[in-house]
Amino acid sequence: MAQIEQLLKYQQEDSKLLKLERETANSDERKNYTQAKAFLTKAPEKLEALDSKAKELERLLEQLNKQYLEIAETLIDFENLDELVDGGAEISFYKKNVLQITERLKSIKAEVAALSKAVKDADEEYQSMKKKTISVQKQYAEYAEVYKKYKESKVAEMGAIQRELERIAKDVPAEVMQRYQSKRNERIFPILCPVNDGRCSKCGTELSLSAKEKIEAGAPTECDNCHRILYKA
């Protein structure tokens, strides 16, 4: 039982450290810092993607405008339609061609308008992202400093707890402490729980007969369900 008593002391002290760790992890200071850092980490890639998108849209718009001008030039051939008719040409043929060309020009004009809007939207999105990046860069420096000071305010308290944990751990076998730390890393806490009426007091799972015998003999055992270390209170 001496081993269990030392582990319980260790766990009690460790719970103080865990509380400080959680407070730090969930603090607004850390959230602001990590969010700004994450944004700035991804910002260059996003800006490059937006820039590439805008350039590709501009290239397509240039091609479409060129196509529009080329087709529009073909209408010049029909400026002397009266002379062609007087020369015996079939007017219905030329009218059909003019109609088809006109419809195609209307279609391209609509595409140009839509693409022009897409170019404008892409440019605005890029400029907005650029402004936000500059703003977050300034905020990041402030957040980093605030978070640094916040962590420093917790260092002394955490250091005192760590030293006490090291002192207690000296009286616990290394393999037992390793087992404890392994569970701590798995985010299992509390790690040690008493047995109540043959069941794990944390999850309520009933112990096997062999586990009950170990507990009665004063030897710790693990819960088959939540894997906490169980002991007889």
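Before reading on, note that the structure itself is shown above.
In this report, we go over the structure that sits alongside the text.

Thresholds, definitions, all that
Counting restarts for each chain: residues are numbered from 1 in the order of the written sequence. Two thresholds apply to this predicted model, a pLDDT of at least 70 for residue-level local features and 80 or more for giving and counting side-chain atom pairs, whereas whole-chain, interface and lining totals are computed over all residues. Excluding hydrogens and water, the side-chain values take into account all heavy atoms of the structure. Counting from the N terminus, the helices are the DSSP runs of H or I reaching at least four residues and the strands are the DSSP runs of E reaching at least two. Only protein chains enter the area calculation, which uses a 1.4 Å probe; residues under 20% of their type maximum are buried, those over 50% are exposed, and those in between are partly exposed. The contact criterion used throughout is that any non-hydrogen atoms of two residues lie within 4.5 Å. When DSSP locates at least two bridges between a pair of strands, those strands are taken to pair. Any Phe, Tyr or Trp ring, taking Trp's six-membered ring, that has another such ring centre within 6.5 Å forms a pair; planes under 30 degrees apart are called stacked, those over 60 apart edge-to-face, and the others tilted. Lining residues are defined by having an atom within 4 Å of a point belonging to a cavity or pocket. Those points lie on a 1 Å grid over the protein atoms alone, cavities being sets where a 1.4 Å probe fits but cannot get out and pockets being open sets with protein on both sides within 12 Å along at least five of seven lines. Grid points are joined across faces, edges and corners, and a volume is the space filled by probe spheres set on the points. Residues are grouped as follows: nonpolar covers Ala, Val, Leu, Ile, Met, Phe, Trp, Tyr, Cys and Pro; charged covers Asp, Glu, Lys and Arg; every other residue, Gly included, is treated as polar.

Right, let's talk about the overall build of the chain for a bit. When you go through the chain residue by residue, the secondary structure sums to six helices and four strands. In sequence order, the secondary structure elements of the chain are arranged as α-α-α-α-α-β-β-α-β-β. Taking all 233 residues of the chain together, the buried fraction comes to 29%. Summarising the internal contacts of the chain: among those between residues at least 6 apart in sequence, 72% fall at separations of at least 24.

Taken together, the three bridges between strand β1 (residues 192-196) and strand β4 (residues 229-231) define a ladder with parallel strand orientation. Residue pairing across strands places P194 opposite Y231, the latter belonging to β4. The pairing of β1 with strand β2 (residues 199-200) spans two bridges and is antiparallel. Bridge assignment links N196 to a residue of β2, and that residue is R199.

Let's shift gears to the packing of aromatic side chains. Evaluated as defined, the whole model comprises three aromatic pairs. With 5.1 Å between their ring centres and 85 degrees between their planes, Y10 and Y180 make a pair best called edge-to-face. In this pair, Y10 is assigned in helix α1 (residues 2-25) and Y180 in helix α5 (residues 174-185), connecting sequence segments 170 residues apart. In terms of burial, Y10 and Y180 fall into one category: buried. Relative to Y147, the ring of Y33 has its centre 5.1 Å away and its plane inclined at 25 degrees; by these criteria the two rings are stacked. Placement of Y33 in helix α2 (residues 28-74) and of Y147 in helix α4 (residues 91-169) is noted, with a sequence separation of 114 residues between them. Of the two residues, Y33 and Y147, neither departs from the other in class, the shared state being buried. Site record: aromatic cluster; members linked through ring pairs are Y33, Y140 and Y147.

The next subject is the layout of surface pockets. When its volume is computed, the largest pocket comes out at roughly 170 Å³. As for the largest pocket, its lining consists of L18, E21, R22, A25, R184, N185, R187, I188 and F189. Looking at the lining of the largest pocket, the elements with two or more residues in it are α1 and α5. Here the lining of the largest pocket is built from residues that sort into four nonpolar, one polar and four charged.

One pass over the structure, following the stated rule, counts one cavity of 30 Å³ or more. When its volume is computed, the largest cavity comes out at roughly 40 Å³. Considered class by class, the residues forming the lining of the largest cavity number three nonpolar, two polar and three charged.

Let's shift gears to the sheet that holds β2. Reading across the sheet, the four strands line up as β2-β1-β4-β3 and stay open at both edges, with mixed pairing between neighbours. Looking at which strands have only one partner, the edges of the open sheet turn out to be β2 and β3 (221-222). Here β3 runs beside β4; their pairing, made up of two bridges, is antiparallel. Residue pairing in the sheet places T221 in a bridge with L230 of β4.

Honestly, it's all geometry; don't read function into it.
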